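Secondary and tertiary structure notes
Chain by chain, the residues:
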Amino acid sequence: MSEYDDGTPRPPKRFEERVNGETASRTAAHEAGHILTAWLSWAVASVDGTVFITGDDDTRVEVKMTYRRPYQPIQLWEALVISSAGMAGEVVTHHAFKTRNARVDIQNMRTQIEQLTRWFGTALKPPWPEPTARDAPPFETYFKDNLPDGWGGLMRSVYRRARDIILSNRGAFERLRTAMLVKIELTTAEIEAALRMPKA
C-alpha cells in the first residue's frame, strides 16, 4: 500500500483539480451566468442545483430549473436570456467563450426561437447549421441566415440583457463562480448562500 492509498478518508477534489484549470474556470463562469440570471428571473419558479455529468463523449454541467409557465412568449424571452447568459458569463471573465456547453446553449436557443416563431406566425429558414466557436455573441454569424427579418435585433437584445444582469450583479456572480470552482455540484441552499439573495 502506497502512502497515497492508506485507507484514510480524504475530502473530494475541488472541481478545478478534477479538470483542466482553464476549462474549470470557464465552466464555472459559464454556469454561474446561467444560474444568476435564472435566480433573478420571475419566470423561473425554482433553481434546483447543478449536476456534473461525465462520460466518454459527454462531460458537461446541467443547471436544474423549473419554469412557471413554459412556452409562453414572455417566458421564452426570459429563457433566451438565461440560455445566452452562460456565454455572457464566459465573455465577461475570459473575453470569449470556448466551453462545450456553448453549443448546447445555442441549440436550446434554437428551440426557444422556433417556439416564438410559431406564436408570431413566422417560419425559420432551414436548415439550422451546427454552431461553432466562431459563432460568438451577439450571434449574427450563426443566426443571420436562419432567422426571419428583424430577429437579429432580438438576439442582440437577449445577449445584452444577460450581460447587463451579470455586470450589475458582479459581486454575486463572482461569489457563485468561486463556489463552483470548489464544488461544481451545488444545491439550492448553496447557491443561495453564494449569491446572498433570495430567489426572485
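Residues numbered from 1 in each chain as written. Predicted model: local features only at pLDDT ≥ 70, side-chain atom pairs only at ≥ 80, totals over all residues. Heavy atoms only, no water.

1. Focus on the overall build of the protein chain
- Of the regular secondary structure elements, the protein chain holds 8 helices and 2 strands.
- Along the chain direction, N to C, the helices and strands of the protein chain fall in the order α-α-β-β-α-α-α-α-α-α.
- Once local pairs closer than 6 in sequence are excluded, the contacts in the protein chain between residues at least 24 apart make up 66%.
- Counting every atom, the protein chain has about 10500 Å² of accessible surface; 51% of that belongs to carbon and sulfur. (Helix = DSSP H or I, 4+ residues; strand = E, 2+ residues; numbered from the N terminus. Contact = heavy atoms within 4.5 Å. Areas by Shrake-Rupley, 256 points an atom, 1.4 Å probe, with all protein chains shown as cover.)

2. Considerations on unusual backbone geometry
- At R196, a residue that is not glycine, the phi angle is positive and equals roughly 60°.
- In this structure, R196 sits in the segment after α8 (188–195).

3. A few points about the nonpolar core
- Of all hydrophobic cores here, the largest spans 47 residues; its most connected members are I35, L36, V47, L176, M180, I191 and L195.
- Put simply, the parts of the chain that give this core at least two residues each are α2 (21–39), β1 (44–53), β2 (60–67), α3 (73–94), α4 (101–120), α6 (151–168), α7 (170–182) and α8.
- Setting aside anything within four residues of it in sequence, one finds M180 in contact with F15, A28, E31, A32, I35, T50 and L186. (Core = buried A, V, L, I, M, F, W, Y, C linked by side-chain atoms within 4.5 Å. Buried < 20%, exposed > 50% of the residue type's maximum accessible area, 1.4 Å probe, protein only.)

4. Considerations on the pattern of salt bridges
- Under the criterion given, the structure shown has 6 salt bridges.
- Between E174 and R177 there is a salt bridge, and its shortest N-O distance comes to 2.8 Å. Placement of both E174 and R177 in helix α7 is noted, with a separation of 3 residues, approximately one turn of the helix.
- Linked by salt bridges that have partners in common, E22, R26 and E90 make up one network. (Salt bridge = Lys/Arg side-chain N within 4 Å of Asp/Glu carboxyl O.)

5. Some points on the side chain of S41
- Tracing the backbone through its elements, the reader meets S41 in the loop between α2 and β1.
- With a relative accessible area of 2%, S41 lands in the buried category.
- There is a polar contact of 3.1 Å between the side chain of S41 and the backbone nitrogen of A43. (Polar contact = N/O pair within 3.5 Å; in protein donor to acceptor, adjacent residues only side chain to side chain.)

6. Remarks on the environment of W42
- Here W42 shows up in the loop between α2 and β1.
- Given the relative accessible area of 44%, W42 is considered partly exposed.
- Note: C-alpha distance between W42 and R68 (26 residues apart in sequence) is 8.3 Å.
- The contact partners of W42, leaving out residues within four places of it in the chain, are R68, I74, Q75 and E78.

7. A look at the packing of α3 against α7
- Relative to each other, α3 and α7 sit at 95°, their axes nearing to 12 Å. The pairing of α3 with α7 is recorded here as roughly perpendicular in orientation. Where α3 abuts α7, its residues G89, V92 and T93 lie against R170, F173, E174 and R177.
- For the contact of α3 with α7, a count of residues per class yields 2 nonpolar, 2 polar and 3 charged. (Axes fitted to C-alpha atoms, helices over the stretch in contact; angles between N-to-C directions. Parallel < 35°, antiparallel > 145°, perpendicular 65-115°, else oblique. Nonpolar A, V, L, I, M, F, W, Y, C, P; charged D, E, K, R; others polar.)

The values reported here are purely geometric and, on their own, carry no functional implication.
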